[in-house]
Amino acid sequence: MKLIMLGAPGSGKGTQAQRIAKDYKIANISTGDIFRDNIKRETPIGQKAKSYIDRGELVPDEVTCAIVTDRLSQEDCKGGYLLDGFPRNLRQAQKLEAFSAPDAVLYLETEDSILLERIGGRRVCRKCMGSFHISSIGDTTVCPVCGGELYRRDDDNPATLSARLDVYHRESAPLAGYYRERGILHTIKGNATQDEVYAAIKRVLDKLQ
Ligand code: AMP
């Protein structure tokens, strides 16, 4: 299965992607995670991406598409993949279609007010990349799943978040229409609990398999 997770920042893409990849045994590729890893290692890609990410803008398509096509060429993607955070605009979608057309797009539809609340209290684990909310974990800095260190993403601050949401509505949300026209869009209400959202996703994927 070749899958795309589409949804705004804070819609729960990353959390659901981790569960799907584990249960359906497909490679989980998060472009945001790849960029953050490159920034941490201070690679040329990381140095290039950082200023865009800090401003809440998209990293240029040439850089992003090259990373994704390279990643999709690796052995573990032969059995299927799940792209979390890519494509984020029409050009990226067209590039992907030419390289490796997706079978299904899972679109997590969530209202902005919920996104702001979720991201405002989001903590991410440096080790397992798990994502948690302070309303359930409190102010601990220890990941409840793997014991890694929890941190607040630099771009999860109110100013950058507002820029990211603008970019999402302007550039990424129109992709729902693009994939609906192709008959592969599956819309899932993202404002339910994680388990309810996952159950809805499973119903879609089990029919596709
Ligand atoms: P995410 O972890 O998916 O929220 O991504 C964090 C940041 O990485 C985004 O705000 C962008 O600056 C950058 N990024 C991630 N995926 C892409 C993409 N497909 N195209 C361009 N920039 C991206």
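Residues numbered from 1 in each chain as written. Predicted model: local features only at pLDDT ≥ 70, side-chain atom pairs only at ≥ 80, totals over all residues. Heavy atoms only, no water.

### Remarks on the overall build of the chain
Counting secondary structure elements, the chain contains 10 helices and eight strands. Taken against the 2.2 N^0.38 rule, which gives 17 Å for 209 residues, the C-alpha radius of gyration of the chain at 16 Å falls within 12% of a compact globule. With respect to the principal axes defined by its C-alpha atoms, the chain has extents near 45 × 40 × 35 Å. Within the chain, contacts between residues separated by at least 24 positions form 70% of all contacts whose residues are at least 6 apart in sequence. (Helix = DSSP H or I, 4+ residues; strand = E, 2+ residues; numbered from the N terminus. Rg over C-alpha atoms; globule rule 2.2 N^0.38 Å. Contact = heavy atoms within 4.5 Å.)

### Re the state of the cysteines
Inspection of every chain in the model, using the stated rule, returns zero disulfides. The closest cysteine sulfur to the non-disulfide-bonded Cys77 is located on Cys65, 15 Å from its own sulfur. Among the residues examined, Cys77 registers a relative accessible area of 6% and is labelled buried. Between Cys125, a cysteine without a disulfide, and Cys146, which holds the nearest cysteine sulfur, the sulfur-to-sulfur distance is 3.5 Å. (Disulfide = S-S within 2.5 Å. Buried < 20%, exposed > 50% of the residue type's maximum accessible area, 1.4 Å probe, protein only.)

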